Amino acid sequence: MSIFTELRNPALVRELERELNTDVVLFGFDGFAYFGNLQAIEDCRIAILSPAIEAKCHAVEILSPGGEILHVDFTRVDLWNIVAKGTAIVRDPFENLDASLESARTDFEEATERTESRHLVRVLCRMVGDSVVLTTLGGFSIEGTLIAIDDCLAILSNTDIFVPGSSTPISDRRIRSAVVNLEALTSVSGVCCC
C-alpha cells in the first residue's frame, strides 16, 4: 500500500469542496506549500488553484521545502498528498518570508499501516479547547487552539504555521484557521503559557 493511500482523507476533500472560490494554502506531505484560489476539484482528488485574491502577485505561489517561492499561472495539486490546509486568509502568507529558510529534508519509510497516529488522535481528542502544536508528515508545524476533531480532521483557530526549516511562521495572523489531516499526524504537543 502506498503512502498516498494511507494519507488520503475523503473528509478533507469534502472540506475543500466547501472552500471553492476562496484563497487557501495547501500543505503537502513532501514539504511543499501551495497558495492560491481554489477553483475546482477534479475526480475527488485534484485541486485546481489559480492566483489568490490576497496574493501580492498575480500568480499561484508554491513554497518549496528549501524556502524558494515559485510563481506559476495555475497548478493542479494531488489532494492525496495534502496534510493540512489554511483558510480564512487575510493577507499573502508567503509575503516577506525569511529568504534564508534552510532546507529541512526528512526521509519517511513507507509503512503498511500508520497505527501510531491512531494513538495520537486519541490523545488529541482529550485536548479540544486547548492550545496545541501539531506536526505532520512533510515537517509542517501548526500551532493554535484546537476547536474540534471531526472525520479524522483537526480544526484549529488562531493558527501559526511553520514550514520545514523555518523558525518564523508563514501565517503571522494572515491565516486564521487550519484543518489538519490526522492521517498525517506525527506529534501532538500542548502549549504552556509562560
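Here, the structure is the one placed above.
One structure accompanies this document, and this report is about it. What you see is a predicted model, and the numbers here were worked out from it, not measured in a lab. (Residues numbered from 1 in each chain as written. Predicted model: local features only at pLDDT ≥ 70, side-chain atom pairs only at ≥ 80, totals over all residues. Heavy atoms only, no water.)

What about the overall build of the chain?
For the chain, the helix and strand inventory stands at three helices and twelve strands. In the chain, which comprises 194 residues, the proportion classed as buried is 49%. Of the roughly 9,300 Å² of accessible surface on the chain, a fraction of 49% belongs to carbon and sulfur atoms. (Helix = DSSP H or I, 4+ residues; strand = E, 2+ residues; numbered from the N terminus. Buried < 20%, exposed > 50% of the residue type's maximum accessible area, 1.4 Å probe, protein only. Areas by Shrake-Rupley, 256 points an atom, 1.4 Å probe, with all protein chains shown as cover.)

Quick look at the side chain of Thr75
Take Thr75: it is sitting in strand E6 (residues 75–78). Those residues in contact with Thr75 that lie beyond four places of it in its chain are Tyr34, Ala47, Ile48, Leu49, Val60 and Ile62. (Contact = heavy atoms within 4.5 Å.)

Observations regarding the packing of aromatic side chains
Under the criterion given, the structure shown has two aromatic pairs. For the ring pair Phe27 and Phe140, a centre distance of 5.0 Å and an interplane angle of 65° mean the geometry is edge-to-face. With Phe27 in strand E1 (residues 23–28) and Phe140 in the loop between strand E8 (131–136) and strand E9 (141–150), this residue pair connects regions lying 113 residues apart in the sequence. Summarising the burial analysis for this pair, Phe27 and Phe140 share the class buried. On the numbers, 6.0 Å between centres and 65° between planes, the contact of Phe35 with Phe94 is edge-to-face. A residue pair is termed long-range when its members are at least 10 positions apart, and Phe35 in strand E2 (residues 33–42) and Phe94 in the loop between strand E7 (82–89) and helix H3 (115–125) qualify at 59 residues. Like Phe35, the residue Phe94 is buried in the burial classification. Stacked on the ring of Trp80, the Lys or Arg Arg8 has its end atom at 5.0 Å from the ring centre. (Phe/Tyr/Trp six-rings, centres within 6.5 Å; stacked < 30°, edge-to-face > 60°. Lys NZ or Arg CZ within 6 Å of the ring centre and 35° of its normal.)

Looking at the side chain of Ser141
Counting through the fold element by element, Ser141 comes out in strand E9. The class of Ser141 is buried, set by a relative accessible area of 16%. If near-sequence neighbours (up to four positions away) are discounted, Ser141 is found in contact with Val133, Leu134, Thr135, Asp160, Ile161 and Phe162.

Some points on the pattern of salt bridges
All chains considered together, the criterion is met by six salt bridges. Here Arg14 makes a salt bridge to Asp151, at a shortest N to O gap of 3.1 Å. On the criterion of sequence distance, the pair formed by Arg14 in helix H2 (residues 10–17) and Asp151 in the loop between E9 and strand E10 (153–162) is long-range, its members being 137 residues apart. Classification of Asp151 by relative accessible area gives partly exposed; the value is 45%. Ionic pairing is found between Lys85 and Glu19, a salt bridge with its closest N-O pair at 3.2 Å. Note that Lys85 is positioned in strand E7 and Glu19 in the loop between H2 and E1, a separation of 66 residues in sequence. With a relative accessible area of 17%, Glu19 lands in the buried category. One network of salt bridges, in which partners are shared, links Glu15, Arg18, Glu19 and Lys85. (Salt bridge = Lys/Arg side-chain N within 4 Å of Asp/Glu carboxyl O.)

Purely geometric numbers; function is a separate question.
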